[in-house]
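Structural description and commentary
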Amino acid sequence: MDVSFIKSAFNVSHYPPPDRPEIAFAGKSNVGKSSLINVLVNRKKLARTSSTPGRTQALNFFNVGEDRLCLVDLPGYGFARVPLKVKASWGKMVESYLKYRDNLKAVVVIMDIRRNISDDDINLINWLAEYNKGLIPVFTKVDKLNRKEMQARLKALDSTFSRLSDEKPVLFSAQTREGRDEIWKRIDSFL
Ligand code: GTP
Ligand code: MG
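Here is a short report on the structure shown in this document. For clarity, every value in this text was computed on a predicted model and none was experimentally measured.

Looking now at the pattern of salt bridges. By the definition in use, this model includes seven salt bridges. When the shortest N-O distance is used, the salt bridge between Arg180 and Asp181 registers 3.6 Å. Classification of Asp181 as exposed rests on a relative accessible area of 58%.

Here it is, written out as structure tokens:
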């Protein structure tokens, strides 16, 4: 797959031209956003991955397939150790992106299958409805659970999630690549 990094941007005036459909990736710090993008585009380290949460603090734009589409790695939220000022600027940065980016078709919202859905996740999912953007929910790191643990987590998560959206979450692992084809299918359905 033909992919390249376009640029990092902190605000609307620095985004690349909105000349092709765009899909963004969001979720809590360290949840695996960059890893998921790398699996989708078959690159080991296109989007930077790290074990230090909160590394990706700007919006990172990637071009895919001869200007066919743009992927955006959004900064992670909910990192406990960032100062309040940084948390506030995250909210502003992401909300104005969702609000003003007309070529944005859908956001892949990535949640850790082992954790409960957070207020930040809920807030983001509500923004998507408000700004008329598609939602592709993903539960990631499924390789960390055995079959029995998985059943229990799905049961626990379903009651919260079904109240937020009718979209069924994709089960994904960056390690086994499970769920990759389904995420591409959902992305294509929004283009
Ligand atoms: P920030 O940009 O810092 O917010 O993090 P991120 O959401 O981009 O997460 P990143 O892709 O950097 O992954 C964080 C850590 O989780 C890394 O150590 C990854 O190797 C690991 N990781 C990501 N996805 C998976 C997965 O599906 N399974 C397992 N076992 N580990 C994963
Ligand atoms: Mg990242």
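With that out of the way, let us pick up the packing of helix 1 (residues 33-40) against helix 5 (residues 180-190). Packing of helix 1 against helix 5 brings their axes to within 10 Å, and their N-to-C directions diverge by 85°. When the axes of helix 1 and helix 5 are compared, the pair comes out roughly perpendicular. Of the residues in helix 5, those in contact with Leu36, Val39 and Leu40 of helix 1 are Arg180, Ile183, Trp184 and Ile187.

Another aspect to go through is the pairing of strand 5 (residues 104-112). Where burial is concerned, most of strand 5 is hidden: eight out of the nine residues are buried. In terms of strand pairing, strand 2 (residues 22-27) meets strand 5 through six bridges, oriented parallel. By the bridge assignment, Glu22 is partnered in strand 5 with Leu104. Where the polypeptide runs from strand 5 across helix 3 (residues 119-130) and back to strand 6 (residues 134-140), its parallel neighbour, the crossover connection is right-handed.

Of all hydrophobic cores here, the largest spans 33 residues; its most connected members are Tyr97, Leu98 and Val109. Only strand 2, strand 3 (59-64), strand 4 (69-73), helix 2 (84-100), strand 5, helix 3, strand 6 and helix 4 (147-164) provide two or more residues apiece to this core. If one sorts the elements of this core by residue count, helix 2 sits on top with five residues. Not counting the four nearest positions on each side in its chain, Val109 is found in contact with Ala26, Tyr77, Leu124, Ile125, Leu128, Leu135, Ile136, Pro137 and Val138. Counting 24 residues, the second-largest nonpolar core is a separate cluster that includes Ile23, Ile37, Leu71 and Trp184.

Calculation criteria
- Residues numbered from 1 in each chain as written.
- Chains lettered and ligands numbered in written order.
- Predicted model: local features only at pLDDT ≥ 70, side-chain atom pairs only at ≥ 80, totals over all residues.
- Heavy atoms only, no water.
- Salt bridge = Lys/Arg side-chain N within 4 Å of Asp/Glu carboxyl O.
- Buried < 20%, exposed > 50% of the residue type's maximum accessible area, 1.4 Å probe, protein only.
- Axes fitted to C-alpha atoms, helices over the stretch in contact; angles between N-to-C directions.
- Helix = DSSP H or I, 4+ residues; strand = E, 2+ residues; numbered from the N terminus.
- Parallel < 35°, antiparallel > 145°, perpendicular 65-115°, else oblique.
- Contact = heavy atoms within 4.5 Å.
- Pairing = 2+ DSSP bridges.
- Right-handed = clockwise from strand over helix to strand, strands pointing away.
- Core = buried A, V, L, I, M, F, W, Y, C linked by side-chain atoms within 4.5 Å.

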